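Structural description and commentary
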Amino acid sequence: MKKNQLEIACFNYESALIAQESGADRIELCENMQLGGTTPNAVLVVKVREKLSIKMHVIIRPRGGDFVYTDEEFVEMKQDIKHLKKLGVDGFVFGILNPDGSVNKKQNKELVNLASPLSCTFHRAFDHVNAIEQSLEDVIDCGFSTILTSGRGKNVEEGIDDLEMIQKLAKDRIEIMPGGGLRSSNIKLLQEKLEPTFYHSSAITDGTETANPEEIKELRNFL
């Protein structure tokens, strides 16, 4: 039977260690919290991998801002996947859209194939799609294993109805992972509406870029 699990978004080395020590099942490693998370440098990836026994997914995002990339940025994303794949990561997190807000199937498929056999999560670019049901089918067709989304809301509370809807539409074809303002104060609200799944939080509560161990433990208690 499927159970709830916890992924912590980590923006530095300290957060990764805190996440593991506090009971997280997996981390998503990134840098530049103020930009919403960008590809971490290889030195950080190696350093974290050496200390972590839990799974580590790495974001592939060359910059902050929108999710429509230039040819040069797309080449950079491919190079990052090739390089980081050799460093013992367990999966990748990315998402590319077309200018009209649809999923760029060609580019996403190319990256998923490049990452194979590692699993790929379509990240919160999904919160900017124009047609949610079609986009869900497109992401599934690209071969992603998970969608990280707030349900197109500013946070998971605002997007809870969309989260419930796309989880039902997805059935068992792809995992819907709620993330975006997820905290111990609102996770119960989501659990009442959603089937068991992975939950995603930075667990940052004090304005820094480092996860709060007590918050992770609190989240863990609800799972």
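Residues numbered from 1 in each chain as written. Predicted model: local features only at pLDDT ≥ 70, side-chain atom pairs only at ≥ 80, totals over all residues. Heavy atoms only, no water.

In this section: the overall build of the protein. Tallying secondary structure elements over the protein gives 8 helices and 8 strands in all. Relative to the compact-globule value of 17 Å for 223 residues, the protein shows a C-alpha radius of gyration of 16 Å, a close match. Each principal axis of the C-alpha distribution contributes one length, and for the protein these read about 40 × 40 × 35 Å. Within the protein, counting contacts between residues at least 6 apart in sequence, those at least 24 apart form 65% of the total. Counting every atom, the protein has about 10,000 Å² of accessible surface; 49% of that belongs to carbon and sulfur. One way to put it: in the protein the 27 positive side-chain charges average out to a point 4 Å from where the 35 negative ones average out. (Helix = DSSP H or I, 4+ residues; strand = E, 2+ residues; numbered from the N terminus. Rg over C-alpha atoms; globule rule 2.2 N^0.38 Å. Contact = heavy atoms within 4.5 Å. Areas by Shrake-Rupley, 256 points an atom, 1.4 Å probe, with all protein chains shown as cover. Lys, Arg positive; Asp, Glu negative; His and termini not counted. Charge placed at Lys NZ, Arg CZ, Asp CG, Glu CD.)

Another point: the sheet that holds strand β8 (residues 198-201). Within a beta sheet, neighbouring strands are joined by backbone hydrogen bonds and run either parallel or antiparallel to one another. Pairing in this open sheet of 8 strands is parallel, and the strands run β7-β6-β5-β4-β3-β2-β1-β8 from one edge to the other. Each edge of the open sheet carries a strand with a single partner, namely β7 (175-178) and β8. Averaged over all pairs of adjacent strands, the angle between strand axes in this sheet comes to 25°, irrespective of strand direction. The sheet contact formed by strand β1 (residues 5-10) and β8 spans 4 bridges and is parallel. From the neighbouring strand, Ile8 faces β8, where its bridge partner is Ser201. The sheet strands contacting helix α3 (residues 71-85) are β3 (55-59) and β4 (91-94), and the helix crosses β4 at an angle near 160°. (Pairing = 2+ DSSP bridges. Axes fitted to C-alpha atoms, helices over the stretch in contact; angles between N-to-C directions.)

All right, on to the pairing of β4 then. Remember that side chains alternate between the two faces of the sheet whenever the strand is regular. The side-chain alternation of β4 yields two buried faces, one formed by Gly91 and Val93 and the other by Phe92 and Phe94. In this sheet, β4 lies alongside β3 in parallel orientation, the contact comprising 3 bridges. Bridging across to β4, Ile59 finds its partner in Val93. Between β3 and its parallel partner β4, the chain crosses via α3, and the hand of that crossover is right-handed. (Buried < 20%, exposed > 50% of the residue type's maximum accessible area, 1.4 Å probe, protein only. Right-handed = clockwise from strand over helix to strand, strands pointing away.)

Bringing the nonpolar core into the picture now. Judged by nonpolar contacts, the single largest core of 61 residues is most densely connected at Ile27, Phe92 and Phe94. For this core, the element with the most residues is helix α5 (residues 132-142), which contributes 5 residues. Ile27 has contacts with Glu7, Ile8, Cys10, Ala16, Ala19, Val48, Leu52, Ile54, Lys55, Met56 and His57, leaving out every residue within four places of it along the chain. Among the nonpolar cores identified, the runner-up in size contains 6 residues, and Ala9, Phe11, Cys30 and Ile204 belong to it. (Core = buried A, V, L, I, M, F, W, Y, C linked by side-chain atoms within 4.5 Å.)

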